[in-house]
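# Reading the structure
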Amino acid sequence: MKLHAWVAGIGRCALRGLLLLGLLLYGGLVVVCCYPALHLQQQSHMRQRWCQQVLRCLGVELCIHQPAPLHAAGQLLVANHQSWLDAVVLGAYMPVDFVAKAELRQWPFLGWLAAQNHTLFLSRYQARQAQAINTQIGMNLRAGKSILAFPEGTTQANGGVLPFYPALFQSAIDAACPVQPMALYYRDGAGAPSLAPAYTGDISFLQSLGRIMAAPRLQAHVHICPAIAPAAQHRRRHLAHQARAAILAQLPSAAASRPETQLADTGSASPLQEAAF
């Protein structure tokens, strides 16, 4: 029985790996051959369909829980962060532009692909560059674009949610645009919590990808929380706290039971993290 499961897992990984490679090549060809002839909205919808295809390739089912209405455009979407897969999941749900760590730009091919899809790369160690990115985010929000960011600044897959760095929320205040919190977590085919997508600590990207491809079935659950409309008197720290609280309220009890003060000590802070508060 174990041998049969092992052989099935190897076959599943091989098939999904080939399909994923084909999708990556297809994505590159679309960027080179089609994007120059398309306006930004068409590019965004093509990117959304590509993300949906990647999820199907990896055997990930997207489950949306939407008790709150979602604004059509011009909003800052924020979510808890567990894996590189998070961006694909949320990109499959709706067309958005992403804010990603600057290190992603250096990844072979994937960094180029992200840059061609209007990703804003944020360095956690350059406060001045962070201010420039915030200005760009504000301009995009005013233009009616939706921007997705992960305010924890890193991944956390043990059931907790790190404090949200408030700096990114300033752009929503300046643009008078709503903040849309989104709670994200993963389940296996039986509905039990799954750490297969985890991309934290010593887990490499390839290890995380291999675990996802080996899983028979995964569910990505996204809870749409009520939007927060920033008022003139709102401070960015207050918005960050509100968004985090809204997300925690929709996550399993293990995450919700972790108080924010327990997660605040994450080691030495970067200049950006110190400026963020």
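Residues numbered from 1 in each chain as written. Predicted model: local features only at pLDDT ≥ 70, side-chain atom pairs only at ≥ 80, totals over all residues. Heavy atoms only, no water.

Attention now goes to the packing of aromatic side chains. What the rule picks out here adds up to 6 aromatic pairs. Ring geometry for F109 versus W112: centroids 5.7 Å apart, planes at 35°, classification tilted. F109 gets classed as partly exposed once you look at its relative accessible area, which sits at 35%. When its relative accessible area of 28% is taken as the criterion, W112 is described as partly exposed. (Phe/Tyr/Trp six-rings, centres within 6.5 Å; stacked < 30°, edge-to-face > 60°. Buried < 20%, exposed > 50% of the residue type's maximum accessible area, 1.4 Å probe, protein only.)

For helix 7 (residues 205-214), the set of buried residues is S208, L209, I212 and M213. End-on, the buried residues of helix 7 take up no more than an arc of 130°, which puts them together on one face. (Helix = DSSP H or I, 4+ residues; strand = E, 2+ residues; numbered from the N terminus. Arc of directions from axis to C-beta.)

Turning next to the environment of L90. Assignment of secondary structure puts L90 in helix 3 (residues 85-93). On the basis of relative accessibility, which here comes to 2%, the residue L90 falls in the buried class. Between the alpha carbons of L90 and A79 there is a distance of 9.1 Å; along the sequence they are 11 residues apart. Those residues in contact with L90 that lie beyond four places of it in its chain are A79, L148, F150, M182 and V222. (Contact = heavy atoms within 4.5 Å.)

Take the confidence of the model for the protein next. Within the protein, residue pLDDT values average 84, and 82% of them lie at 70 or more. The weakest mean pLDDT in the protein belongs to helix 11 (residues 271-276) at 38; the strongest belongs to strand 2 (residues 76-79) at 96. Counting interchain partners and residues more than four positions distant, the pLDDT-below-50 stretch residues 256-277 has 43 contacts. (pLDDT = per-residue confidence, 0-100.)

Right, let's get into the sheet that holds strand 6 (residues 179-188). Pairing within the open sheet is mixed, and its 7 strands lie in the order 1-7-6-2-5-3-4. Looking at the sheet topology across the chains shown, the edges are occupied by strand 1 (60-65) and strand 4 (120-122). Across this sheet, the average inter-strand angle for adjacent strands is 25°, counted without regard to direction. In this structure, strand 6 lies alongside strand 7 (residues 218-224), joined through 7 bridges in antiparallel fashion. Bridge pairing links Y185 to H221 in strand 7. Relative to the sheet, helix 8 (residues 236-248) contacts strand 2 and strand 6, its axis offset from that of strand 6 by approximately 35°. (Pairing = 2+ DSSP bridges. Axes fitted to C-alpha atoms, helices over the stretch in contact; angles between N-to-C directions.)

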